[in-house]
Amino acid sequence: MIVILISFGFSTEKISKDLIYELNKKFSNEKVNVIITSNKSLPFEILTEVNGKKYYKAKISKNTILSLAKDNSINKIFLDKKYQIFRIESIPLMFIDVARNQFLVNGSNINISVIDTGIYPHYELKDRIIIQKCFVSSGLYKCPPNNTTESDNATDDEGHGTHVAGIAAGLFGVANNASIFSIKALNINGSGTTSDIIKAINFSIENKANIISMSFGVPNYEFNDCYEDSVAVLIDDFTKEGKALFIVAAGNNGTTNSTIASPACSKLALAVGALDKSKNLASFSSRGPTTDNRIKPDLVAIGINVNSTYLNDGYKVLSGTSMATPFVSGIASLLYGFYFKKFSELPNPNLIKAILVTSIDLTPLLTNGFTQRNNYFGSGLINANESLRILDNSYFKTHNASKNFYLFVNENNATIKLTLYWTSNNDLNLTFDNITFNYSSNDNLEQIFAYNYSKDIYEIKVQNPFNDTFYLISNFKILDNYFIIESPSNKTYNLSQVSFNITISSKLVENLQLFVDGKGFTLNNDSKIHYYNISNISDGTHNATFVINNESHTIIFSIDTEPVIINLTSPLNNTTYNSSEIFVNFTS
């Protein structure tokens, strides 16, 4: 902005920032659509008036705008912007706006590869398209600009890819600061060959795409087995290596079961179905199971009447699982960015998938008589804010052996969402509080939704005799032990009274004792919290040992009640200083 202010030669406070951005691209006599507010009469179309302030609509040149900005009677000049339906209606339904504001994420420095018909250099997108590549070997019209089968120009000639990109990463889309790969593998008719799709995927991986968004597929009636499609196989291969997260449209051949398209049918692709804005399943949204009896789609997002970017800086309303998919791709970008901000490294894409299928709104399931993951809605409607909350609180575990975990439920009437996800072809099993839901031995995801649970600690069992790496995700805190030592902690206290608190599961603990420096104490019981307060503990180092089910767990803590003596060396008492800057110095 400093460069712009210098180039204009005067203060631009009366010009909105987005209009400054637009003017910086215009020649002096080029006209721009603007809104002008002023208390005096102007020779433009008046839109409304509020307390003497008039709102005018005008199409005027850059020079005229700069001249008006010097007029003291002008309040402000704004860009006459285009407003989109999807900002107003679809984004709040998936809590995307809440997530961005609460967690301050926008997809910055995360790469979304949109493999589609290319992307038109729309004003919402062009500044963040960092890579273009075209692989089109079929059809009359191939790669621009010279109709070759490969080029570095991926300009959209159909519109579909531009629409998809605007949802995922447009200025008014989900991840509005993500970096975009424009990869054209579909021709002007919206079709492409397997070889071109594979080239596009490989190019995306080689150039470090984090998320690969694919709003296309082969209808299921064209194949008997998902893995007869080499693209489905390739997605699984790359995903097992942790190369990228593949988010794929489930298909638009709904109304009957077993209509999931390929490559959405692949085990490790995140397949996305579509809802309308009332959270009803779209009639066209493809349903599971797959040909080998796995649940698909994995989840659903809004996909009907979505207004997004289109050719020639335009906008268009489209419907399809193609539109639902980039919503999830954009949310995945927000998760990637937040993970990097929290842990200073990029996440494994399989963890992100597991979080996404756990952070869902169950309303579409429950209103249609379902209580568990199913072949219509998958896990449910994606909830962006919930996904970031789960990540922010680290409500996940990664492990590679059979193990018992424990879920700390800190509220009553709780709905539990618990997901076990792995990438091998082996069959792992998940049990929560003696509940299990194993739909198919061919699946690589098990999920349990449990309802009306009280505050407590509950047991989770993962059976994994193959020592495969797995991801365990929940909407509550997952513990390695069946208790939480709340206090004391390994630190120094400046009071002689210390509280000894432990939260346990009464169902899992048979014997509980406390010893402080070898002396036994009986813990009081307050619901799920057991506690004891001890006064007059002497200064020095002490140990507290909790004996739980005959296992001992010791905490070392210290007491130091010696008051801190502070000697103030400056400023001096009753001294006048002739400077407004005074140093405060002390020793302790």
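Residues numbered from 1 in each chain as written. Predicted model: local features only at pLDDT ≥ 70, side-chain atom pairs only at ≥ 80, totals over all residues. Heavy atoms only, no water.

### Side note on the sheet that holds strand 33 (residues 540–548)
Test applied: Here the rule is simple: two strands pair whenever DSSP picks up at least two bridges between them. Strands here mean DSSP runs of E at least two residues long; helices mean DSSP runs of H or I at least four residues long; both are numbered from the N terminus.
Here 5 strands make up an open sheet; going across it, the order is 27-34-33-29-30 and the pairing mixed. The sheet terminates laterally at strand 27 (492–493) and strand 30 (519–521), the two strands that pair on one side only. The sheet contact formed by strand 33 and strand 34 (residues 551–559) spans 9 bridges and is antiparallel. By the bridge assignment, I548 is partnered in strand 34 with E551.

### Let's talk about the pairing of strand 18 (residues 403–409)
Note the cut-off: Throughout, exposure labels follow a simple rule: accessible area from a 1.4 Å probe, protein chains only, divided by the maximum for the residue type, with under 20% read as buried, over 50% as exposed, and the rest as partly exposed.
The buried count for strand 18 comes to 5 of 7 residues, which makes it a mostly enclosed element. Sheet topology note: the strand 18/strand 23 (residues 456–463) ladder contains 7 bridges and is antiparallel. Note that in strand 23 the partner of F408 across the bridge is I457. Here strand 18 runs beside strand 25 (residues 477–479); their pairing, made up of 3 bridges, is antiparallel.

### Remarks on the packing of helix 10 (residues 321–343) against helix 13 (residues 384–392)
We apply this condition: Here an axis means a line fitted to C-alpha atoms, over the contact stretch when the element is a helix, while the angle between two N-to-C directions is reported on a 0 to 180 degree scale. For this classification, under 35 degrees means roughly parallel, over 145 means roughly antiparallel, 65 to 115 means roughly perpendicular, and everything else is oblique. Crossings are sorted by hand: turned counterclockwise from the far helix by less than a right angle, the near helix makes the crossing left-handed, and turned clockwise it makes it right-handed. Throughout, a contact is declared for two residues whenever any of their heavy atoms are within 4.5 Å.
Axis separation between helix 10 and helix 13 bottoms out at 10 Å; the angle between their running directions is 20°. In terms of axis orientation, helix 10 runs roughly parallel to helix 13. Classified by chirality, the crossing of helix 13 by helix 10 is right-handed. When helix 10 is examined against helix 13, the residues I331, L334, L335, F338, Y339, K342 and F343 are found in contact with a partner set consisting of A384, S387, L388, L391 and D392.

### Quick word on the nonpolar core
Stated precisely, the cut-off is as follows: Only buried residues count toward a nonpolar core. Its members are Ala, Val, Leu, Ile, Met, Phe, Trp, Tyr and Cys residues joined through side-chain atoms within 4.5 Å.
Membership of the largest hydrophobic core comes to 72 residues, with the highest contact counts inside it found for F327, V328, L356 and I382. Top contributing element to this core by residue count: helix 10, with 11 residues. Those residues in contact with V328 that lie beyond four places of it in its chain are I247, L270, V272, L299, A301, L356 and I382.

### Overview of the state of the cysteines
Put simply, the test is: The disulfide definition used here is simple: a pair of cysteine sulfur atoms within 2.5 Å.
Taken as a whole and assessed by the stated rule, the structure comprises 2 disulfides. Disulfide pairing is shown between C134 and C143; the S-S distance is 2.1 Å. The sign of the S-S torsion, about -85°, decides the handedness of the disulfide formed by C134 and C143: left-handed. Both residues of the pair, C134 and C143, belong to the buried class. Two residues, C226 and C265, share a disulfide whose sulfurs are 2.0 Å apart.

### So, the pattern of salt bridges
Stated precisely, the cut-off is as follows: When a carboxyl oxygen of Asp or Glu is within 4 Å of a side-chain nitrogen of Lys or Arg, the pair counts as a salt bridge.
Using the criterion set out here, one finds 14 salt bridges in the structure. Between D361 and K279 there is a salt bridge whose closest N-O contact spans 2.8 Å. Residue D361 is located in strand 15 (residues 360–361), and its partner K279 is located in the loop between strand 11 (270–275) and strand 12 (299–302); the two are separated by 82 residues in the primary sequence. Look at D361 and you get buried, because its relative accessible area is 12%. Across the pair D392 and K342 runs a salt bridge whose closest N-O atoms are separated by 3.6 Å. Of this pair, D392 sits in helix 13 while K342 sits in helix 10, and the two are 50 residues apart along the sequence. The class of D392 is partly exposed, set by a relative accessible area of 32%.

### Focus: the pairing of strand 8 (residues 179–184)
Here strand 8 lies mainly inside the structure; 6 of its 6 residues are buried. Residue alternation in strand 8 divides its side chains into two sets, S179, F181 and I183 and I180, S182 and K184, and both sets are buried. Across 6 bridges, the pairing between strand 5 (residues 111–116) and strand 8 is parallel. Each bridged residue has a counterpart across the sheet, and for V114 the counterpart in strand 8 is S182. As paired strands, strand 6 (residues 129–135) and strand 8 are joined by 5 bridges and run parallel to one another.

### Focus on the sheet that holds strand 17 (residues 396–399)
Strand order across the open sheet formed by 4 strands is 17-24-19-22, with antiparallel pairing between neighbours. The sheet is open, and its two borders are formed by strand 17 and strand 22 (445–453), each paired with just one other strand. Taken pair by pair, the neighbouring strands of this sheet meet at an average axis angle of 15°, ignoring direction. Strand direction decides the pairing type here: strand 17 and strand 24 (residues 470–474), joined by 4 bridges, are antiparallel. Pairing of H399 across the sheet is with F470, part of strand 24. Packed on one face of the sheet, helix 11 (residues 349–358) meets strand 17, strand 19 (414–422), strand 22 and strand 24 and runs near 30° to strand 24.

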